[in-house]
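Breakdown of the fold
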Amino acid sequence: QVLLVVSGGGLVQPGGSLRLSCAASGIIFCINPMGWYRQAPGMARELVATVSGVGSTNYADSVKGRFTISRDNTKNTLQMNSLKPEDTAVYYCNARILTTDSRWLVFWGQGTLVTVSS
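Residues numbered from 1 in each chain as written. Predicted model: local features only at pLDDT ≥ 70, side-chain atom pairs only at ≥ 80, totals over all residues. Heavy atoms only, no water.

1. Considering the overall build of the chain
Inclusion rule: Starting at the N terminus, helices and strands are each numbered in turn, a helix being any DSSP run of H or I of at least four residues and a strand any DSSP run of E of at least two. Just to be clear, the radius of gyration here is over C-alpha atoms, and the globule rule we use is 2.2 Å times residues to the power 0.38. The contact criterion used is simple: two residues touch if any of their non-hydrogen atoms lie within 4.5 Å. We get accessible surface area from the Shrake-Rupley algorithm with a probe of 1.4 Å; when it comes to residues, only the shown protein chains can shield them. Positive charges come from Lys and Arg alone, negative charges from Asp and Glu alone, with His and the N- and C-terminal ends not counted. To locate a charge, the coordinates of NZ of Lys, CZ of Arg, CG of Asp or CD of Glu are taken.
Counting its secondary structure elements, the chain contains zero helices and 11 strands. Mapped in sequence order, the helices and strands of the chain form the string β-β-β-β-β-β-β-β-β-β-β. The C-alpha radius of gyration computed for the chain amounts to 14 Å, which stays within 12% of the reference 13 Å derived for 118 residues, consistent with globular compactness. Based on the C-alpha atoms only, the size of the chain along its principal axes is roughly 50 × 25 × 20 Å. Considering only contacts within the chain whose residues lie at least 6 apart along the sequence, 54% involve residues at least 24 apart. With the model as given, the accessible surface of the chain reaches about 6,300 Å², and the carbon-plus-sulfur share is 51%. Averaging the positions of the 10 positive and the 6 negative side-chain charges in the chain gives two centres separated by 3 Å.

Pasting the structure below:
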């Protein structure tokens, strides 16, 4: 069974920083890509950032230059700097994983709340 375990999140003032981490566990042959989505109250879930198996990154326009995603094998970290109130949302780790029966499946971690407020 594959699990994505998320850590980080919390309350931070505007302009501050937070770091989110996500670790995948289980029998995993490959993860491509791995990343983060977020969902603000009353809004649809949206992509924040992803990182491929070879380290290629993709960011939402709203976070470019402020957020950095990095990856170490089955773990990834989202460093969030210069946070804005509009970054407030529940953040979800996401991974597309090649499983033992040779299928690519999408997994989600538990959400973690990021609140940016003074």
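2. A few points about the nonpolar core
Test applied: As used in this record, nonpolar core signifies buried Ala, Val, Leu, Ile, Met, Phe, Trp, Tyr and Cys residues forming a set joined through side-chain atoms within 4.5 Å. For every residue, the accessible area (1.4 Å probe, protein chains only) is compared with the maximum for its type, and the residue is labelled buried under 20%, exposed over 50%, or partly exposed between those bounds.
Ranked by internal contacts, the top residues of the largest apolar core, which has 30 residues, are Leu4, Met34, Trp36, Leu78, Met80 and Tyr91. Per-element tally for this core: the top contributor is strand S9 (residues 89-98), with five residues. Ignoring any residue separated from it by four or fewer positions in sequence, one finds Tyr91 in contact with Leu20, Trp36, Tyr37, Arg38, Val48, Phe67, Leu78, Met80, Gln110, Gly111, Thr112 and Val114.

3. Thoughts on the environment of Val5
Along the chain, Val5 falls in strand S1 (residues 3-8). Between the C-alpha atom of Val5 and that of Gly35, which follows or precedes it by 30 residues, the distance is 13 Å. Apart from the residues within four sequence positions on either side, Val5 is in contact with Ser21, Cys22, Ala23 and Gln110.

4. Let's talk about the pairing of strand S7 (residues 67-72)
Defined as follows: By definition, two strands form a pair when at least two bridges between them are found by DSSP.
By the bridge criterion, six bridges tie S7 to strand S8 (residues 75-80) in an arrangement that is antiparallel. Within S8, the position partnered with Asp72 by the bridge is Lys75.

5. Some words on the side chain of Thr112
The cut-off we apply is this: Polar contacts, as counted here, are pairs of nitrogen or oxygen atoms within 3.5 Å of one another; within protein the pair requires one atom able to donate a hydrogen and one able to accept it, and residues that are adjacent in sequence qualify only if both atoms are side-chain atoms.
With respect to the helices and strands, Thr112 occurs in strand S11 (residues 112-116). The exposure class assigned to Thr112 is buried, which follows from its relative accessible area of 11%. Side-chain polar atoms of Thr112 contact the backbone oxygen of Gly8, separated by 2.8 Å. For Thr112, the residues in contact, after removing those within four places along its chain, are Val6, Gly8, Gly9, Leu20, Ala89, Val90 and Tyr91.

6. Side note on the state of the cysteines
Here is the idea: a disulfide is a covalent bond, and it sits between the sulfur atoms of two cysteines. For the record, the criterion: What counts as a disulfide here is a pair of cysteine sulfur atoms lying within 2.5 Å.
Taken as a whole and judged by the stated rule, the model has one disulfide. Put simply, Cys22 and Cys93 are joined by a disulfide, and their sulfur atoms are 2.0 Å apart. Across the S-S bond of Cys22 and Cys93 the torsion is about -85°, and the bridge reads as left-handed. Here Cys22 is found in strand S3 (residues 18-25), whereas its partner Cys93 is found in strand S9, with 71 residues between them in sequence. Take Cys22: its relative accessible area is 1%, and that puts it in the buried class. According to the relative accessible area criterion, Cys93 is buried, its value standing at 0%. With no disulfide of its own, Cys30 has Cys93 as its nearest cysteine by sulfur position, at a separation of 15 Å. Exposure remark for Cys30: the relative accessible area of 30% places this residue in the partly exposed category.

So far we have only geometry, and geometry alone does not tell us how the molecule works.
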